[in-house]
Amino acid sequence: MDKTMRIAVIGAGIAGLTVAGLLHQRGYSVTVFEQAKSFWRIGSGIILGASTAKVLRRLGVEDAMVQAGIKPDAFVSRDVASGEVMNELVFDDEAEARFGGPFVNIHRADLHKILLSSLGSNAVRFDHQLAGLNHSGDGVRLDFADGSGFDADIAIGADGIRSVVRDIVQGASPPRYVGKLALRSVFASHKIAGVAMRDCTKWWGEDRHLLAYYMSERRDECYIMAAVPSDAWSEDTPPRDGTRDDFISAFPDAHPDLMGLMTAAEKVQLLPICDRVRNDKWSDGRIVLAGDACHAVRPFMAAGGSMAIEDGAILARAIEVASSPEQAFALYEATRIDRVGDVQRISAENSWLKTPHATDWFFGYDPYAHDLAKAA
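A brief look at the structure comes next. Just so it is clear, the model here is predicted, and its values are computed rather than measured. Within every chain, residues take consecutive numbers counted from 1 along the sequence as written. Per-residue local features of the predicted model are confined to residues with pLDDT of at least 70, and side-chain atom pairs are confined, for both listing and counting, to 80 or more; whole-chain, interface and lining totals are unaffected and use all residues. The basis for every side-chain value is the complete set of heavy atoms in the structure, and neither hydrogens nor water enter the calculation.

1. Description of the packing of aromatic side chains
Just so we agree on the cut-off: Here is the rule: rings of Phe, Tyr and Trp (six-membered ring for Trp) pair when centre to centre is within 6.5 Å. Planes less than 30 degrees apart are stacked, more than 60 are edge-to-face, and the remainder are tilted. Think of it this way: any DSSP run of H or I at least four residues long counts as a helix, any run of E at least two long counts as a strand, and we number them from the N terminus. Relative accessibility decides the category of a residue: with a 1.4 Å probe and only protein chains considered, values under 20% of the type maximum give buried, values over 50% give exposed, and everything between is partly exposed. Counting as a charge over the ring demands two things of the Lys NZ or Arg CZ atom: a distance within 6 Å of the ring centre and an angle within 35 degrees of the ring normal.
Inspection of every chain in the model, using the stated rule, returns 13 aromatic pairs. Note on Phe91 and Phe363: the rings are 6.0 Å apart at their centroids and 90° apart in plane angle, and the pair reads as edge-to-face. You can see Phe91 sitting in the loop between β5 (85-90) and α4 (93-99) and its partner Phe363 sitting in helix α12 (residues 360-363), a full 272 residues away along the chain. The class for Phe91 is buried, based on a relative accessible area of 13%. Here Trp352 and Phe362 contribute two aromatic rings whose centre-to-centre distance is 5.5 Å and whose plane-to-plane angle is 75°, an arrangement assigned as edge-to-face. Here Phe362 lies in helix α12 and Trp352 lies in the loop between α11 (325-349) and α12, a separation of 10 residues in the sequence. Through a chain of ring-to-ring contacts, the aromatic side chains of Phe91, Phe99, Phe103, Trp352, Trp361, Phe362 and Phe363 assemble into a single cluster. Over the ring of Trp204 we find Lys202, and its NZ or CZ is 4.1 Å from the ring centre.

2. A short note on the sheet that holds strand β1 (residues 6-10)
Note: strands within a sheet are paired through backbone hydrogen bonds, in either parallel or antiparallel orientation. For clarity, the threshold we go by: DSSP calls a pair of strands paired once it identifies at least 2 bridges connecting them. Here, two residues are considered to be in contact whenever any of their heavy atoms come within 4.5 Å of each other. Fitted lines through C-alpha atoms serve as axes, helices being fitted only where they are in contact, and the angles separating the N-to-C directions of these axes extend from 0 to 180 degrees.
Reading across the sheet, the six strands line up as β7-β2-β1-β11-β19-β18 and stay open at both edges, with mixed pairing between neighbours. The open sheet has two edge strands, β7 (124-125) and β18 (283-284), and neither has a second partner. Across five bridges, the pairing between β1 and strand β2 (residues 29-33) is parallel. Counterpart to Ala8 in the pairing with β2 is Thr31. Along the sheet face, α11 touches β11 (154-157), β18 and β19 (287-289) and points at about 15° away from the line of β19.

3. Let's talk about the pairing of strand β17 (residues 268-275)
With seven of eight residues buried, β17 is to be regarded as a mostly interior element. Of the pairings in the sheet, the one linking strand β16 (residues 240-242) to β17 comprises three bridges and is antiparallel in character. Looking at β17, one finds that Arg240 is bridged to Leu270.

4. Brief notes about helix α1 (residues 14-25)
Operational definition: To estimate how far a helix should reach, multiply one less than its number of residues by 1.5 Å.
An ideal rise of 1.5 Å per residue puts 16 Å on 12 residues; α1 measures up with 16 Å between its terminal C-alpha atoms. Buried residues dominate α1, accounting for 10 of its 12 residues. Turning to α1, its buried residues number three or more, namely Ile14, Ala15, Gly16, Leu17, Thr18, Val19, Ala20, Gly21, Leu22 and Leu23. Phi turns positive one or two residues past the end of α1, at Gly27, with a value near 95°.

5. Here's the deal with the sheet that holds strand β14 (residues 209-214)
Sheet architecture is open: eight strands sit in the order β5-β4-β13-β14-β15-β12-β17-β16, paired in mixed fashion. Looking at the sheet topology across the chains shown, the edges are occupied by β5 and β16. Going from strand to strand, the sheet's axes swing by 25° on average, the running direction of each strand aside. Alignment of strand β4 (residues 74-79) against strand β13 (residues 200-204), held across four bridges, turns out to be parallel. Within the sheet, the bridge partner assigned to Ser77 lies in β13 and is Lys202.

6. Here we look at the pairing of β14
Buried residues dominate β14, accounting for six of its six residues. What you see with β14 is no split at all: His209, Leu211 and Tyr213 on one side and Leu210, Ala212 and Tyr214 on the other are buried throughout. As paired strands, β13 and β14 are joined by five bridges and run antiparallel to one another. Among the inter-strand pairings, Thr201 is bridged to a residue of β14, identified as Ala212. Where β13 hands over to β14, the hairpin turn is made up of four residues, counted between the paired strands. In this structure, β14 lies alongside strand β15 (residues 221-229), joined through six bridges in antiparallel fashion. Across the sheet, Tyr213 pairs through a bridge with Tyr223, a residue of β15. Linking β14 back to β15 in an antiparallel pair, the connection comprises six residues, with Arg219 at a positive phi of about 55°.

7. A short note on unusual backbone geometry
With the exception of glycine, most residues fall at negative phi, and the peptide bonds are largely trans. For Ala302, which is not glycine, the phi torsion reads 50° and is therefore positive. In this fold, Ala302 is placed in the loop between α9 (292-295) and α10 (304-321). Residue classification places Ala302 among the partly exposed positions, given a relative accessible area of 23%. Its identity as a non-glycine residue notwithstanding, Leu353 has a phi of 65°, on the positive side. With respect to the secondary-structure elements, Leu353 resides in the loop between α11 and α12. Among the residues examined, Leu353 registers a relative accessible area of 2% and is labelled buried.

8. Details of helix α8 (residues 256-264)
For α8, every residue scored as buried is listed here: Asp257, Leu258, Gly260, Leu261, Met262 and Ala264. In the core, the buried residues of α8 are packed alongside β4, β12 (176-188), β13, β14, β15 and α7 (244-250).

9. Notes on the environment of Asn350
Our working rule: In protein, a polar contact requires one atom able to donate a hydrogen and another able to accept it; more generally it is a pair of N or O atoms within 3.5 Å, and residues adjacent in sequence count only if both atoms are side-chain atoms.
Note that Asn350 resides in the loop between α11 and α12. For Asn350, a relative accessible area of 16% puts it in the buried group. Residues contacting Asn350, with those up to four places away along its chain left out, are Lys202, Trp204, His209 and Phe300. Here Lys202 takes part through its side chain, which lies 2.8 Å from a polar atom of the side chain of Asn350.

Here it is in structure tokens:
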């Protein structure tokens, strides 16, 4: 499509910054609107599969991602109580060559900073909360809570699981609470001196799990996230502070290595785990969705970040080659929906990497290797 088109991206998260960076690189005029007043170092860790490295390689920031994060030696699955190793997927040079890129753990804030570096200095407009989005003539009109507005040719809704744009495209509906509570903590690694800690380990219980990993090569910070059943929460329950006792009481029969990790937790956050009922309507006219705005997945496969970055790659490709927004969005949807549907299903099953199984279809995926609508 014509590179004089004005493209508005709503949401400066992973999906939004990825597609904005790729379109900016291709010479498009892109403006990103973010409701936060600024970026600051909040959040926790994220795991990125090799498919994302292929996208960041195109952006010229793959090395920066690797340097800011850590290439773990392996993904290890262990039994919560016995400590038995149930699976070990080694990420050595051979695996990196087979998958076409590294597996990386990184802090979300570091990833955001890297993605932001691929855009122009004035590409993101902070403190812009979307209040309205409507088709207007041959374009789209964005209205913001502060009374300002913006006219665009295309609007990309990348505003997360509670997406305002999603409600416009699909109709209003709340996120779905999946019946599990997330417990999260980041703490200094010296707190676990003497505890056997691999770079990336998932501890599996019968109806709960805990994922633990380092977020940089310094290995000076450890991130742990548990998912445990709870009927006392809902999709509207706000996050709150917890304590290490919330971790320990959730895993009373924990192996000593796991107990050592939980005992080290200091600042603990509790929040409901939500997803969205699958809906394959990702666009409406000149408005399209990306990332969690259209396919929020449960965090049990650690695939949300990878899906968001892959979305950005395919959507940018489609916009460049198509003759109209509608054609671009049709190509994007045809290429992405089946793959994302598989990830949604496997994430809900919470079976990924528990025991040895085929992984090349996921880690080896290349958003640039095939014609659009055939890449899935």
